[in-house]
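Chains, contacts and geometry: an overview
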Amino acid sequence: MYVDSHTHLYLDAFDADREGMIQRALDAKVHRMLLPNIDSSSMDDMFRLADKFPENCYPMMGLHPGSVKENYLEELSRVESVLSGKGIIAIGETGIDLYWDKSYLKQQQGAFATHIKWAMELDLPLVIHARDSFPEIFELLDSHGGPALRGVFHSFTGGKDELKRALSYDFYIGINGIVTFKNSDLGDVVRHVPMDRLLLETDSPFLAPVPFRGRRNESSYLPEIAKKVAEIHNLSLQEVARITSSNAELLFHL
């Protein structure tokens with residue numbers, strides 16, 4: 001059995017075949033799919049999916065850094081209004097993304113600090129999106145976090161130095177289809193991720209793994225990522241499935 005620890009199955013990319021897609025995931029032994037929120041526009045769709053498949057789909061709540069704009073305080077208020085209910089299993093996704101636009105860095109820092117506070121107050125794991133922003137992420141974790149804070153660096157694409165620093169917080173490392181790309185050196189980094197700190201994710205509908213690269217991604221492709229991790233760590237596919245699922249269950253209290 002597998003856990004897809006990060007997948008946006010509520011997005012309109014799946015409107016034409018959402019139930020069939022979830023059935024394909026179940027057939028591929030991906031029995032749990034964890035849903036990170038994006039912003040106020042995605043909340044209702046995410047909760048509807050979690051309500052329809054309560055044994056398979058689990059909601060998280062946060063404001064994606066790409067959605068942090070001038071109205072971010074209003075967006076944070078919408079997020080906060082539902083934190084105490086609806087079976088939220090994590091705070092996220094949140095973080096800092098400086099790849100496309102650096103003009104909202106100050107707002108992203110403020111939003112991320114708020115998410116850290118929520119995670120500690122509610123004793124929920126924090127799901128971090130870090131893109132071209134590891135120094136900024138680490139600075140805020142140092143200044144606003146604490147020993148009780150737990151979570152995952154989702155879609156990890158850092159190098160060995162960033163990995164060492166991320167692991168120093170006792171966080172997990174989320175690995176997705178990027179590790180299967182021929183032009184990626186992520187495999188050299190994944191080799192240094194302890195198996196008891198590794199989570200599998202698809203980040204659907206984005207970043208489909210080889211041999212599906214270029215297509216819409218979906219949770220049924222998760223075993224392709226597991227195969228690559230098994231190859232890197234010289235483990236059986238069954239062991240990778242068992243260990244990563246156990247890691248997800250432990251972190252998210254599934």
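Keep in mind the model is a prediction, meaning the values are calculated, not measured.

1. A few points about the packing of aromatic side chains
- As enumerated under the stated definition, the model contains eight aromatic pairs in all.
- For the pair Tyr-99 and Trp-100, a centre-to-centre distance of 4.7 Å together with 85 degrees between the ring planes defines the contact as edge-to-face.
- Judged by relative accessible area, which is 40%, Tyr-99 ranks as partly exposed.
- With a centroid separation of 3.8 Å and 5 degrees between ring planes, the pair formed by Phe-212 and Tyr-221 is classed as stacked. Residue Phe-212 shares its accessibility class with Tyr-221, and that shared class is buried.
- Site record: aromatic cluster; members linked through ring pairs are Phe-134, Phe-138, Phe-153, Phe-156, Tyr-169 and Phe-171.
- The ring centre of Tyr-172 lies 4.4 Å from the NZ or CZ of Arg-197, which sits over that ring.

2. A look at the sheet that holds strand S2 (residues 30-35)
- Within the open sheet, the three strands sit side by side as S1-S2-S3. Their pairing is parallel. Two strands lie at the open edges of the sheet, namely strand S1 (2-4) and strand S3 (57-59), each paired on one side alone. Averaged over all pairs of adjacent strands, the angle between their axes in this sheet comes to 20 degrees, without regard to strand direction.
- Running at roughly 110 degrees to S1, helix H8 (residues 222-233) makes contact with S1 and S2 of the sheet.
- Relative to S1, helix H9 (residues 237-252) is tilted by about 55 degrees, and along the sheet it contacts S1 and S2.

3. Section: the environment of Asp-27
- Of note, Asp-27 is situated in helix H1 (residues 18-27).
- On the accessibility criterion, Asp-27 (58% relative accessible area) is exposed.
- Between the C-alpha atom of Asp-27 and that of Ile-175, which follows or precedes it by 148 residues, the distance is 22 Å.

4. So, the sheet that holds strand S4 (residues 91-97)
- Pairing is parallel in the open sheet, where five strands are placed in the order S4-S5-S6-S7-S8. Of all strands in the sheet, those with a lone pairing partner are S4 and strand S8 (198-200), marking the two edges. Within the sheet, the average angular offset between the axes of one strand and its neighbour, ignoring direction, is 30 degrees.
- One ladder, built from three bridges, connects strand S7 (residues 172-175) with S8; its direction is parallel. Bridged to Gly-174 within S8 is Leu-199.

Rules of the game
- Residues numbered from 1 in each chain as written.
- Predicted model: local features only at pLDDT ≥ 70, side-chain atom pairs only at ≥ 80, totals over all residues.
- Heavy atoms only, no water.
- Phe/Tyr/Trp six-rings, centres within 6.5 Å; stacked < 30°, edge-to-face > 60°.
- Buried < 20%, exposed > 50% of the residue type's maximum accessible area, 1.4 Å probe, protein only.
- Lys NZ or Arg CZ within 6 Å of the ring centre and 35° of its normal.
- Pairing = 2+ DSSP bridges.
- Helix = DSSP H or I, 4+ residues; strand = E, 2+ residues; numbered from the N terminus.
- Axes fitted to C-alpha atoms, helices over the stretch in contact; angles between N-to-C directions.
- Contact = heavy atoms within 4.5 Å.

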